[in-house]
Amino acid sequence: MEGKTTSETKVVMSELVLPGMTNLLGNLLGGQLMHWMDVAGALCCMRHSNMQVVTVAVDALEFKHPARQGEMVRIEAKLMWIGQTSMKVKVIATAENLATGAVIITNVAKFTFVALDQNGQKTRVSALIPETDEEKQDYEKEEKEYLARRNNR
Ligand SMILES: CC(C)(COP(=O)(O)OP(=O)(O)OC[C@H]1O[C@@H](n2cnc3c(N)ncnc32)[C@H](O)[C@@H]1OP(=O)(O)O)[C@@H](O)C(=O)NCCC(=O)NCCS
C-alpha cells in the first residue's frame, strides 16, 4: 500500500466566533469548538484514507483558554499515527484577537478515527510517512500507546 506524508493531508480551518455560538459571558461554547475539531480531524483522515471515517475516541480534551465572540478560531489537524484501520490526529485550536493580533492556544486534543468502506465495514488504511524528527517521535510514542492499549484489552 502506498503511503502519504503528514504534510500532504494537514487541514487548517478558520472560523469566526459569532453571537449565536457563545455562552452568556461571550465565550465560545465548548460543544461548538469540539464540533469544529472533530470535523477538521475527520477531513484530515478522509484525505489520508480516501474513505468515509467515524470518530472512535477523543483523548483528554482540555479547555485552556476561552475563545471570545468576534475572535477568529483556527483549527489545525495533522495525522500522528496510523494503525490497521485507525488513524490518530492531533488537533490544535487557537483564538486570534483580530483587533490586536494576539493569538492563544485554546485547546489541544487527539482524536482517533476509523476508516469505513462503502458497506460501512472498517477497512485498512495506507501507511503514514513521518518526515520531521518531531513527527517521527510522535509516531513512535503513539505506536507504543496503541500496543499498550491492545495488550490491556
Ligand atoms: C468504529 C467502529 C466501526 C469500530 O468497530 P469495532 O469492531 O469496535 O472495531 P475494533 O475494536 O477492531 O477497533 C477498530 C480500530 O479502532 C481502534 N479503537 C477502538 N477503540 C478505540 C479507542 N477507544 N481508542 C483508540 N482506538 C480505538 C482499534 O484499536 C482498531 O484500530 P486498528 O484497526 O488500527 O488496530 C465501531 O466501534 C463504531 O461504529 N463505533 C461508532 C462510531 C461513531 O458512531 N462515531 C460517532 C459519529 S462519527
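Residues numbered from 1 in each chain as written. Predicted model: local features only at pLDDT ≥ 70, side-chain atom pairs only at ≥ 80, totals over all residues. Heavy atoms only, no water.

Asks: Teacher, can you tell me more about a positive patch on the surface here?
Replies: Judged by side-chain charge, Lys 122, Arg 149, Arg 150 and Arg 153 come together as a positively charged surface patch. By secondary structure assignment, the location of Arg 149 is in helix 3 (residues 133-151). On the basis of relative accessibility, which here comes to 48%, the residue Arg 149 falls in the partly exposed class. (Patch = residues over 30% accessible without salt bridge, like charges linked within 9 Å, V, L, I, M, F, W, Y side chains within 5 Å. Areas by Shrake-Rupley, 256 points an atom, 1.4 Å probe, with all protein chains shown as cover. Salt bridge = Lys/Arg side-chain N within 4 Å of Asp/Glu carboxyl O. Lys, Arg positive; Asp, Glu negative; His and termini not counted. Charge placed at Lys NZ, Arg CZ, Asp CG, Glu CD. Helix = DSSP H or I, 4+ residues; strand = E, 2+ residues; numbered from the N terminus. Buried < 20%, exposed > 50% of the residue type's maximum accessible area, 1.4 Å probe, protein only.)

Asks: Hey, could you run me through the sheet that holds strand 6 (residues 103-116) in this one?
Replies: In spatial order, the strands read 2-4-5-6-3; together these 5 strands make up an open sheet with antiparallel pairing. The two strands at the open ends of the sheet, each matched to only one other strand, are strand 2 (11-16) and strand 3 (52-58). Averaged over all pairs of adjacent strands, the angle between their axes in this sheet comes to 30°, without regard to strand direction. With 11 bridges connecting them, strand 5 (residues 86-96) and strand 6 associate as antiparallel partners. Paired with Ala 93 across the strands is Asn 107, a residue of strand 6. This element, helix 3, spans strand 4 (72-82), strand 5 and strand 6 of the sheet and lies at about 65° to strand 4. (Pairing = 2+ DSSP bridges. Axes fitted to C-alpha atoms, helices over the stretch in contact; angles between N-to-C directions. Contact = heavy atoms within 4.5 Å.)

Asks: Any chance you could explain unusual backbone geometry here in plain terms?
Replies: Comment: phi is negative for the bulk of residues other than glycine, and the bulk of peptide bonds are trans. The phi dihedral of Asn 50 falls on the positive side, at around 60°, and the residue is not glycine. Note on placement: Asn 50 falls in the loop between helix 2 (30-49) and strand 3. Under the relative-accessibility criterion, Asn 50 is labelled exposed at 61%.

Asks: What is the right way to look at the pattern of salt bridges in this model?
Replies: Side chains bearing opposite charge may pair, as long as their charged atoms lie close to each other. Following the criterion strictly, the structure yields 9 salt bridges and no others. As a salt-bridge pair, Lys 64 and Glu 62 come within 3.5 Å of each other at their nearest N and O atoms. Residue class for Lys 64 comes out partly exposed when judged on its relative accessible area of 46%. Classification of Glu 62 as partly exposed rests on a relative accessible area of 45%. Through salt bridges with shared partners, one network takes in Asp 59, Lys 88, Lys 110, Lys 141, Glu 142 and Glu 145.

Asks: Can you walk me through a nonpolar patch on the surface in this structure?
Replies: There is a patch of nonpolar side chains on the surface, built from Leu 16, Leu 18 and Leu 98 and spanning about 260 Å² of accessible area. The residue Leu 18 is located in the loop between strand 2 and helix 2 in this model.

Asks: Mind showing me how you'd approach the side chain of Thr 123 here?
Replies: Relative to the elements of secondary structure, Thr 123 occurs in the loop between strand 6 and strand 7 (127-129). Among the residues examined, Thr 123 registers a relative accessible area of 19% and is labelled buried. Contacts of Thr 123, omitting those with residues within four sequence positions, involve Met 51, Gln 84, Thr 85, Ala 115, Leu 116 and Asp 117.

Remember, this is a structural readout, not a statement about activity or role.
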